[in-house]
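# Remarks on the overall topology
Below are the chains, spelled out letter by letter.
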Amino acid sequence: MPTPARHFKRRIAQRFHPGHELSALPAHGLIDIIRLPRKDETNPWKQLMRRIIFALVIVVFVTLVVYFDRDGYNEENMSLLDAAYYSAVSLTTVGYGDIVPVSPMSRFLNLVLITPARLIFLILLVGATLSVLTEKTRKTYEIQRWRKKLHNHTVVIGYGTKGAGAVAALLADDVPASHIVVIDTNRAALSHAEHHGLVTIYGNGTRQDVLKIAGVEHAKSVVVTPSTDDTAVLCTLSVRELSPHAKIVASVRESENRHLLRQSGADSVVTSAETAGRLLGLATVTPTVVSMMEDLLSPNEGFSVAERPVREYEVGSNPRHIMDIVLAVLRDNEIHRVDTADANALRPGDRLLYIKHDTEEPAEVTEDND
């Protein structure tokens, strides 16, 4: 039975030697791997069936027209079956010529009713067939165009409970769904992500070829939320190797593995098990505090922790004396708690971490630096 160390080494070897480079495949080879959200997710086969039904309606209409005008044709005692037969061979442009209109009225009805119906019938069938046949070509073109435009986006590796929560927070912070790419090996989870308008990629986030397909090299940030800590380490290593400048936020279950994520290149590490344990312990003593913490962490509900730049008139002020409830000051990529000496006076270029209400105007939160 292989030891955990050997298992870890084997996974590292697989990362550097995946055996099958997905990123080298042409766009049409990625149709089953990359799923782009569409406003109209109608199945082409459903479109085909809908058009066939419409075509049958046209056949019935022409049959009734011919049957009620049966005295104007060269067929004596024309039955409903004869009328249907004539409609079918006429609409499909076969035209055997055994039944033809002979009276002026019948020819006029053929001209103004049956001929346009014939054209509509052919357009329906040809259009439906082309729609099915060109579906693959359309998807290939969309994937090619998407990959060319992919830049400054966010990649989420793992769409479990933590990954879905991270995406919800991003969407609540006005990040467009089109700028979020989800990687997972669970088709059901990816379907759920597609339902929210996200681009999904089926694959293992530890493999560099899968990360290349997701455009990690051009990503602004990467959220690593796999189910196990060793997978999180491998994902972080792969992402950092491909993208030295992307911001990597990783989740780890056990606190003793935090340093591994840091050494692998993660900028921020969240310990899920330890955080959950602290909340559970706190809930037994002061449950109202836990309720407030959950409110702060829930997007689009009540209060939340947000970040904004220092406004010009706030420079020089103590952050505890401005209108917003400031928790910390971000200066030169370092966080200074509001009760420390370094945060006594705000400076130009500082950013504030403060408590924002969900009714606050976006302009108040995302004010740009001049």
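The text that follows walks through the structure, step by step, so that each part is easy to find.

Cut-off values and rules
Residues numbered from 1 in each chain as written. Predicted model: local features only at pLDDT ≥ 70, side-chain atom pairs only at ≥ 80, totals over all residues. Heavy atoms only, no water. Helix = DSSP H or I, 4+ residues; strand = E, 2+ residues; numbered from the N terminus. Expected span 1.5 Å × (residues − 1). Buried < 20%, exposed > 50% of the residue type's maximum accessible area, 1.4 Å probe, protein only. Arc of directions from axis to C-beta. Contact = heavy atoms within 4.5 Å. Pairing = 2+ DSSP bridges. Axes fitted to C-alpha atoms, helices over the stretch in contact; angles between N-to-C directions. Salt bridge = Lys/Arg side-chain N within 4 Å of Asp/Glu carboxyl O. Polar contact = N/O pair within 3.5 Å; in protein donor to acceptor, adjacent residues only side chain to side chain.

### A few points about helix α6 (residues 161-172)
With 12 residues, α6 should reach 16 Å at 1.5 Å per residue; the first-to-last C-alpha distance of 16 Å fits that figure. By the burial criterion, the buried members of α6 are Gly-163, Ala-166 and Val-167. Angularly, the buried residues of α6 cover 100° about the axis, an arc narrow enough to put them on a single face. On its buried face, α6 is in contact with β2 (154-157), β3 (180-184) and β5 (221-224). The first or second residue beyond α6 is Asp-174, which carries a positive phi of 70°.

### Observations concerning the sheet that holds strand β4 (residues 199-202)
Read across the sheet, seven strands follow the order β1-β4-β3-β2-β5-β6-β7 without closing on themselves; strand pairing throughout is mixed. Bordering the open sheet on either side are β1 (34-35) and β7 (268-271), each of which pairs with just one other strand. Contacting β1, β3 and β4, helix α7 (residues 187-195) crosses the sheet at an angle of about 165° to β4. Running over the sheet, helix α9 (residues 229-242) touches β2, β5 and β6 (247-252) and is turned about 170° from β6.

### Digging into the pattern of salt bridges
Scanning the entire structure with this criterion turns up eight salt bridges. For the salt bridge of Asp-339 with Arg-337, the shortest nitrogen-to-oxygen distance reads 3.1 Å. Judged by its relative accessible area of 54%, Arg-337 is exposed. Salt bridges sharing partners connect three or more residues here, namely Arg-308, Arg-311, Glu-314 and Asp-324.

### Digging into the environment of Tyr-354
Here Tyr-354 lies in strand β11 (residues 351-357). Between the C-alpha atoms of Tyr-354 and Val-305, which are 49 residues apart in sequence, the distance is 5.7 Å.

### Structural notes on the side chain of Asn-318
Among the secondary structure elements, Asn-318 is positioned in the loop between β8 (303-309) and β9 (325-331). Asn-318 gets classed as buried once you look at its relative accessible area, which sits at 15%. Here Arg-320 takes part through its backbone nitrogen, which lies 2.9 Å from a polar atom of the side chain of Asn-318. Polar side-chain contacts of Asn-318 include one of 3.5 Å to the backbone oxygen of Asn-344.

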